[in-house]
Amino acid sequence: RPPSRAFSDVRASLSELTAIVREAFDRSIAGYDEVSAGIDRALDDLSAGASGAVGGLDEASAEIQGLIDGSERARDALAQADPGNPAIAGIDRAIEAQRSLKTRVDEMARTLSGASSDVESQRAAVRDLIDRAKQSMAGVQWSYETQLESQIEELESELGEIASSS
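Residues numbered from 1 in each chain as written. Predicted model: local features only at pLDDT ≥ 70, side-chain atom pairs only at ≥ 80, totals over all residues. Heavy atoms only, no water.

Enquirer: Which residues make up the overall build of the protein, and what are the values?
Expert: Each helix and strand in the protein was counted, giving two helices and zero strands. In terms of overall size, the protein is more extended than a compact globule, its C-alpha atoms giving a radius of gyration of 35 Å where 166 residues would be expected to give roughly 15 Å. Taken along its principal axes, the extent of the C-alpha atoms in the protein is 120 × 25 × 15 Å. A burial count over the protein gives 21% of its 166 residues as buried. (Helix = DSSP H or I, 4+ residues; strand = E, 2+ residues; numbered from the N terminus. Rg over C-alpha atoms; globule rule 2.2 N^0.38 Å. Buried < 20%, exposed > 50% of the residue type's maximum accessible area, 1.4 Å probe, protein only.)

Enquirer: Describe a negative patch on the surface, and please don't skip the residues or the numbers.
Expert: Taken together, the side chains of Glu153, Glu154, Glu158 and Glu161 make up a negatively charged region of the molecular surface. Relative to the helices and strands, Glu154 resides in helix α2 (residues 87–165). Look at Glu154 and you get partly exposed, because its relative accessible area is 48%. (Patch = residues over 30% accessible without salt bridge, like charges linked within 9 Å, V, L, I, M, F, W, Y side chains within 5 Å. Areas by Shrake-Rupley, 256 points an atom, 1.4 Å probe, with all protein chains shown as cover. Salt bridge = Lys/Arg side-chain N within 4 Å of Asp/Glu carboxyl O. Lys, Arg positive; Asp, Glu negative; His and termini not counted. Charge placed at Lys NZ, Arg CZ, Asp CG, Glu CD.)

Enquirer: I'd love a proper account of the nonpolar core, names of residues and values included.
Expert: A general trend in soluble globular proteins is that nonpolar side chains are found buried together. Membership of the largest hydrophobic core is limited to six residues, which are Leu57, Ile64, Ile68, Ile95, Val105 and Ala109. Within the residue set of this core, elements represented by two or more residues are α1 (3–81) and α2. Residue contacts for Ile95: discarding those within four places in its chain leaves Ile68, Ser71, Glu72 and Arg75. Ranked by size, the runner-up nonpolar core spans five residues in total, among them Leu14, Phe25, Tyr144 and Ile152. (Core = buried A, V, L, I, M, F, W, Y, C linked by side-chain atoms within 4.5 Å. Contact = heavy atoms within 4.5 Å.)

Enquirer: How would you summarise the side chain of Gln141 if you had to cite specific residues and measurements?
Expert: Secondary-structure assignment places Gln141 in helix α2. Among the residues examined, Gln141 registers a relative accessible area of 13% and is labelled buried. Apart from the residues lying within four places of it in its own chain, the contact partners of Gln141 are Phe25, Asp26 and Ile29.

Enquirer: Give a description of the pattern of salt bridges that names residues and reports values.
Expert: By the definition in use, this model includes nine salt bridges. With a closest N to O distance of 3.0 Å, Arg99 and Glu96 form a salt bridge. Here the residue Arg99 and the residue Glu96 both occupy positions in helix α2, the gap between them amounting to three residues, near one helical turn. In this structure, a network of salt bridges that share partners links the residues Glu72, Glu96 and Arg99.

Enquirer: Which residues make up the side chain of Asp40, and what values do they have?
Expert: Here Asp40 lies in helix α1. Beyond its immediate chain neighbours, meaning those up to four positions away, Asp40 contacts Arg123 and Arg127.

Take a look at the structure:
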């Protein structure tokens, strides 16, 4: 094939390369924004779910405390009326089981509450990493656009001149 055709092909390839690189930069930066939005949605859902669960557990704990209080009143009343009644030991065991349940529910609420605050610290850490990646990509894009792209354009121009003079 004639040299002018070969230069035209190389020139076209360089133009295509420039377009591909620009598109890759644009997609990369937009991709980080999409990733960030997706992570935010997931963490928002988790945080909302954890907050709702904590509220439900707090309500359950209050109800269990009410059961404990009622059982203690019943035991005390029975113990006052009939101190040797064998049912008192059974009520005491029931109260201990209720207290264990309340303790576990309270621990679950604290864990979820901590998880909710941990979600926010994780969100901040992920956002920081995404921002760093975007800044890094923006720096590479700037270097490409201010240095390499102009060199490619000069080469394209020179190849065009050579192709037209051949």
